[in-house]
Amino acid sequence: MKKYLIWLLVMMVSVSIALFGISCKGNAATSGAETAVQTTAAGTTAVESEQPAEATLETAGAHGAEVKSAPEVTDMLTKVTPGPDMQKAIDDAKKYAGQTIKVMCSGDCAIDSLEPITRYFEKLTGVKVELNIVSWDVLMPQGPIAISTDEYSVDVIDTWDPWLDEYAPQGRYVDLSQYLSNEYSAILPQLKADMTIGGKQYAFPFMASWEIMYYNKDLVAKVGLDPNKPPTTMDELNNWIKTLSLDTNNDGKIDRYGFLVDLTVDYGAPNFQMFYKAFDGKPCAVDGDNLKMTLNTPEMKSAMNEIKWLVDNGLLSSDALTGSQWDITSMYANEQVPLFLVWDMYRSYMDKKILDKTGFFAFPGQTKGTYASTNGHENFGIPITAKNKEAAMAYIKFCGSKEVQKIRTLWNGTSPDYPDLWKDPDVLAKCPHLTEIAKEIQFETPRTWPVNGSLALVGEMMKELQNAVVGTKTIDQACADLQKTADNDYKIIPGLASRYADFLK
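To start, this report covers the structure provided alongside it. (Residues numbered from 1 in each chain as written. Predicted model: local features only at pLDDT ≥ 70, side-chain atom pairs only at ≥ 80, totals over all residues. Heavy atoms only, no water.)

Turning our eyes to something else, we now look at the packing of helix α6 (residues 114–125) against helix α18 (residues 389–399). When two helices pack together, their arrangement is given by the angle between the helix axes and by the axis-to-axis distance. Two elements in contact, α6 and α18, have axes separated by 11 Å at closest approach and are oriented at 125°. Overall, the two elements α6 and α18 adopt an arrangement that is oblique. For the pair α6 and α18, the crossing hand works out as right-handed. Here α6 contributes Leu114, Ile117, Thr118, Tyr120, Phe121 and Leu124 to the contact with α18, which in turn contributes Ala391, Ala394, Tyr395, Phe398 and Cys399. (Axes fitted to C-alpha atoms, helices over the stretch in contact; angles between N-to-C directions. Helix = DSSP H or I, 4+ residues; strand = E, 2+ residues; numbered from the N terminus. Parallel < 35°, antiparallel > 145°, perpendicular 65-115°, else oblique. Left-handed = near helix turned anticlockwise from the far one by under 90°. Contact = heavy atoms within 4.5 Å.)

It is worth spelling out the layout of surface pockets at this point. Taking a probe equal in size to a water molecule and rolling it over the atoms shows the remaining empty space. Taken as a whole, the second largest pocket encloses approximately 380 Å³ of empty space. Around the second largest pocket, the lining is made up of 22 residues, and of these Lys277, Gln442, Phe443, Glu444 and Asp502 lie nearest the centre. Among the elements of the structure, α10 (189–195) and α13 (269–278) are those that each provide at least two residues to the lining of the second largest pocket. No other element matches the four residues that α10 contributes to the lining of the second largest pocket. Looking at side-chain class alone, the lining of the second largest pocket contains eight nonpolar, seven polar and seven charged residues. (1 Å grid on protein atoms, 1.4 Å probe; cavity = no way out; pocket = protein on both sides within 12 Å on 5 of 7 lines; lining within 4 Å. Points joined across faces, edges and corners; volume = space filled by probe spheres on them. Nonpolar A, V, L, I, M, F, W, Y, C, P; charged D, E, K, R; others polar.)

A separate point is the side chain of Ser245. Within the secondary structure, Ser245 sits in the loop between α12 (234–244) and β10 (259–260). Within the structure, the side chain of Ser245 is placed 3.1 Å from the backbone nitrogen of Gly258, a separation counted as a polar contact. Every residue in contact with Ser245, bar those within four places of it in the chain, is listed here: Ile254, Arg256, Tyr257, Gly258 and Leu315. (Polar contact = N/O pair within 3.5 Å; in protein donor to acceptor, adjacent residues only side chain to side chain.)

Looking now at the sheet that holds strand β14 (residues 358–361). Ordered by their spatial adjacency, four strands build an open sheet running β10-β13-β9-β14, and the pairing between neighbours is mixed. Both edges of this open sheet fall to β10 and β14, since each of them pairs with a single strand only. Two elements, β10 and strand β13 (residues 339–343), share two bridges in a ladder whose sense is parallel. Following the sheet pairing, Phe259 is matched in β13 by Leu339. Running at roughly 125° to β13, α12 makes contact with β9 (211–216), β10, β13 and β14 of the sheet. (Pairing = 2+ DSSP bridges.)

All right, on to the packing of aromatic side chains then. The full count for this structure, using the stated rule, is 19 aromatic pairs. Pairing Trp240 with Phe361 gives two aromatic rings, centres 5.9 Å apart and planes at 75°, and the pair type is edge-to-face. Taken as a pair, Trp240 in helix α12 and Phe361 in strand β14 lie far apart in primary sequence, 121 residues in all. Phe361 shares its class with Trp240; the two are buried. Pairwise contacts between aromatic rings join Phe121, Phe206, Phe380, Tyr395 and Phe398 into one cluster. Over the face of the ring belonging to Tyr179 we find Lys397, whose NZ or CZ atom lies 5.0 Å from the ring centre. (Phe/Tyr/Trp six-rings, centres within 6.5 Å; stacked < 30°, edge-to-face > 60°. Buried < 20%, exposed > 50% of the residue type's maximum accessible area, 1.4 Å probe, protein only. Lys NZ or Arg CZ within 6 Å of the ring centre and 35° of its normal.)

Moving on, we get to the pattern of salt bridges. For the structure on display, the rule yields 20 salt bridges. Where Lys357 meets Glu335, a salt bridge forms, and the shortest distance between an N and an O atom there is 3.1 Å. Separated by 22 residues along the polypeptide, Lys357 in helix α17 (residues 352–357) and Glu335 in the loop between α16 (325–333) and β13 bring together distant segments of the chain. Owing to a relative accessible area of 28%, Glu335 belongs among the partly exposed residues under this scheme. (Salt bridge = Lys/Arg side-chain N within 4 Å of Asp/Glu carboxyl O.)

Moving on to empty space enclosed by the protein. Per the stated rule, a full pass over the model turns up two cavities of 30 Å³ or more. The computed volume of the second largest cavity comes to approximately 70 Å³. Forming the walls of the second largest cavity are Asp161, Asp194, Asn375, Pro446, Arg447, Thr448, Arg499, Tyr500 and Phe503. The residue makeup of the lining of the second largest cavity, split by class, is three nonpolar, two polar and four charged.

The structure is reproduced here in structure tokens:
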């Protein structure tokens, strides 16, 4: 698992990335085994020796669990009748039969379905795909290098919002807006906006993901709460947390926390930003054609005060400040905690027994009918240095087709790109959480910010939160220092006001 050294490494290569949100997702997926995984045209192999983060793309492996294939996905694919866009992807790729494209993505993005999807693409088109499924420890430093340097390393890269912010204006991505125009017109408008820089789209979402509240319906019912009426305001959420927090050994101290959430410097920023948004906070404001960071605000102080209140009253374990998302998700899986906040894609890894007991609800705001959300989409982009751009574009079009996405959703339970799939009875039966995410989406807050060094600035926010919670600083001083750091040490990337406008409503 990456910790501070990886954080420093990414800073050294000047990467403006959403490491925090990304890591929350990555840790939910890993088993902790230090196993390197590489999937190529020959199949999936596990290499026992761990590769350092500085390794080259060709030798880099993954920390964490082996990514396995689901052969059932192939059976599902063979039953699909391709629509016009999926068929075009196949026909276009056939023109480049014999070429090999290199793809690099995270294990979270791949889950167990990308490998069979990729092999089926190979079978239909004759294009060979070297599918490198790597850990965050590898993707985080190597992804931006692959995008920003003039040497060829990959044809398709699992890319992120802050990378788009920084590198798309520099011309480091292939413009996909024309080739995928039908798909962009059909996906959720929020997803299209998330891919757009200067009116053009430079990536396509393959793993759309939002944070959402999970709860164990059995444990909720045992304390007298109605599992069919989850919280719809912050006050109601706090009442649930108080009611679900128990002193099981009667020593006067809570030892079964009702709620846990990762608020570590390393991984917790997306979770805390949910609280900031719930209090109607906005991390930046439009300033003409530019943006200005807005972090020393009453809303930020309210969000920090909420976390401090939970900790001071014994309702949130201090483990939230020092633990890991992996530990917290494990506690939920073991029924040690009934309520937690995590990415919706985590459900893809849940045991059926626990999943059957799980309910979902949108993270509530202060006022009934308002919510909070942040996203962690994983997107396929093509570096400008790619050798086989056309075949790579056809691969993305194939993987991003509605037919393939529906199969992936039905198999893994991931959120689809296409809004009509959110109304599909088969999809809703598999993914009841989509109705809750739909409530959140209109209240999204950006996971990362439009500054050079977004990673470091979001980390500064979490440091100041921890200072406020443990009492090293007052909340007023922590917010003032955070704003001063943002103003003095971080440069806003120009030309991104329109990209962030929807987040700042």
